[in-house]
2 protein chains.
Amino acid sequence: MLSSAQITETVHAYLAAINAGDMQAVMALYADNAAVEDPAGTEPKRGADILEFYTNAFAGGASVELTGAIGVSSRTAAFPFRAEIKSPAGSVTIVEVIDIFEFNEDGKVEKMTAHFGPTNMSQRED
Amino acid sequence: MLSSAQITETVHAYLAAINAGDMQAVMALYADNAAVEDPAGTEPKRGADILEFYTNAFAGGASVELTGAIGVSSRTAAFPFRAEIKSPAGSVTIVEVIDIFEFNEDGKVEKMTAHFGPTNMSQRED
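Because the structure is a prediction, the values reported are computed rather than measured.

So, how was this worked out
Residues numbered from 1 in each chain as written. Chains lettered and ligands numbered in written order. Predicted model: local features only at pLDDT ≥ 70, side-chain atom pairs only at ≥ 80, totals over all residues. Heavy atoms only, no water. Contact = heavy atoms within 4.5 Å. Buried area = accessible area lost by both parts, 1.4 Å probe. Salt bridge = Lys/Arg side-chain N within 4 Å of Asp/Glu carboxyl O. Polar contact = N/O pair within 3.5 Å; in protein donor to acceptor, adjacent residues only side chain to side chain. Helix = DSSP H or I, 4+ residues; strand = E, 2+ residues; numbered from the N terminus. Nonpolar A, V, L, I, M, F, W, Y, C, P; charged D, E, K, R; others polar. pLDDT = per-residue confidence, 0-100. Phe/Tyr/Trp six-rings, centres within 6.5 Å; stacked < 30°, edge-to-face > 60°. Buried < 20%, exposed > 50% of the residue type's maximum accessible area, 1.4 Å probe, protein only. Lys NZ or Arg CZ within 6 Å of the ring centre and 35° of its normal. Patch = residues over 30% accessible without salt bridge, like charges linked within 9 Å, V, L, I, M, F, W, Y side chains within 5 Å. Areas by Shrake-Rupley, 256 points an atom, 1.4 Å probe, with all protein chains shown as cover. Lys, Arg positive; Asp, Glu negative; His and termini not counted. Charge placed at Lys NZ, Arg CZ, Asp CG, Glu CD. Least-squares fit on C-alpha atoms with pLDDT ≥ 70 in both.

A. Structural detail: the interface of chain B and chain A. Listed per partner, the contact involves 21 residues of chain B and 21 residues of chain A. For the pairing of chain B and chain A, the buried interface totals around 1500 Å² over both sides, and the portion due to carbon and sulfur atoms is 62%. Applying the counting criterion to the chain B and chain A interface returns zero salt bridges. If you look at where chain B meets chain A, you find 10 residue pairs in polar contact (both at pLDDT 80 or more). The set of elements that each furnish at least two residues to the side of chain B that touches chain A consists of strand 4 (71-72), strand 5 (76-86) and strand 6 (91-103) of chain B. Of the residues belonging to the side of chain B that touches chain A, the class tally is 10 nonpolar, 10 polar and one charged.

Here it is as structure tokens:
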């Protein structure tokens, strides 16, 4: 039985790993058979494609922070966050996202779904 | 092709229907074959059970309001909201929830999943 504290800790560890640029730490939260549907409605990524996806997405650096309460059910977390993603050219894309984590019995994330789209994105020049 | 505006409108219509206590208006947003998993991890409700569920859940009156951005993908909405649910005895339960709507091609909600649990609930005496 997964506790709410374990689920909440995993969400915080995920955001901290992205902020640290530590994609291996991100991967450590996922089950071996995990699927990452980012954004929702696209074909889920699996296996080595997941690491490649995170590496490319955050190549220029990113900062993420929660923007509201984490919804924690018996086997899922839903959490709203703001991501600021830097491009090599110096522009910053700001995205408001709601991620869903579905956990397996070992407390690993076996499905991630990222809910966002064009209405959730804006740009800033630094 | 469903537009972001249609998806956003449906979310606002849903919250307005709950605030109005109009459960038929809630039902009108759902597809005939809809499934409502509330909270996440429980057996989805279908058909007449959905109306019964909403009627019972909000029998004492409820108010709901968005607490952050609606994450809108090509076929889903994710939205954080606070629900204040009155009991007949006068106590108020406050719940921070993140709902996911998955839409069919006609713009009806065919799956709702509500992400919350004990850590998202608090009580107040009015």
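B. Geometry of the confidence of the model for chain A. Model confidence for chain A is summarised by a mean pLDDT of 95, while 99% of its residues fall at 70 or above. As a predicted assembly, this complex carries a pTM of 0.95 together with an ipTM value of 0.93.

C. Up close: the packing of aromatic side chains. Throughout the structure, instances matching the rule amount to 18 aromatic pairs over all chains. On the numbers, 6.2 Å between centres and 75° between planes, the contact of Tyr14(B) with Phe79(B) is edge-to-face. Taken together, the residues span a long stretch of sequence, with Tyr14(B) in helix 1 (residues 4-19) and Phe79(B) in strand 5 at a distance of 65 residues. For Phe79(B), a relative accessible area of 0% translates into the label buried. An aromatic cluster is present here, built from Tyr14(A), Tyr30(A), Phe53(A), Tyr54(A), Phe58(A), Phe79(A), Phe81(A), Phe101(A) and Phe103(A) joined pairwise through their rings. Lys45(A) extends its terminal NZ or CZ atom over the ring of Phe53(A), reaching a point 4.4 Å from the ring centre.

D. Broad picture of unusual backbone geometry. With an omega dihedral of 0°, the bond running from Asp38(A) to Pro39(A) counts as a cis peptide bond. Following the sequence through the fold, Pro39(A) ends up in the loop between strand 1 (30-37) and strand 2 (45-46).

E. Region of interest: a negative patch on the surface. Residues and elements named next belong to chain A. A surface patch of like charges, here negative, comprises Glu-102, Glu-105, Asp-106 and Glu-110. Following the sequence through the fold, Glu-105 ends up in the loop between strand 6 (91-103) and strand 7 (109-115). Here Glu-105 falls in the exposed class, since its relative accessible area comes to 68%.

F. A look at the relation of the copies chain B and chain A. Placing chain B over chain A gives an RMSD of 0.0 Å and needs a rotation angle of 180°, together with 0.0 Å of translation along the axis. Interpreted geometrically, this transformation is the action of a two-fold axis. In this assembly, 100% of the residues forming the interface of chain B have copies in chain A that are likewise at the interface, indicating an isologous arrangement.

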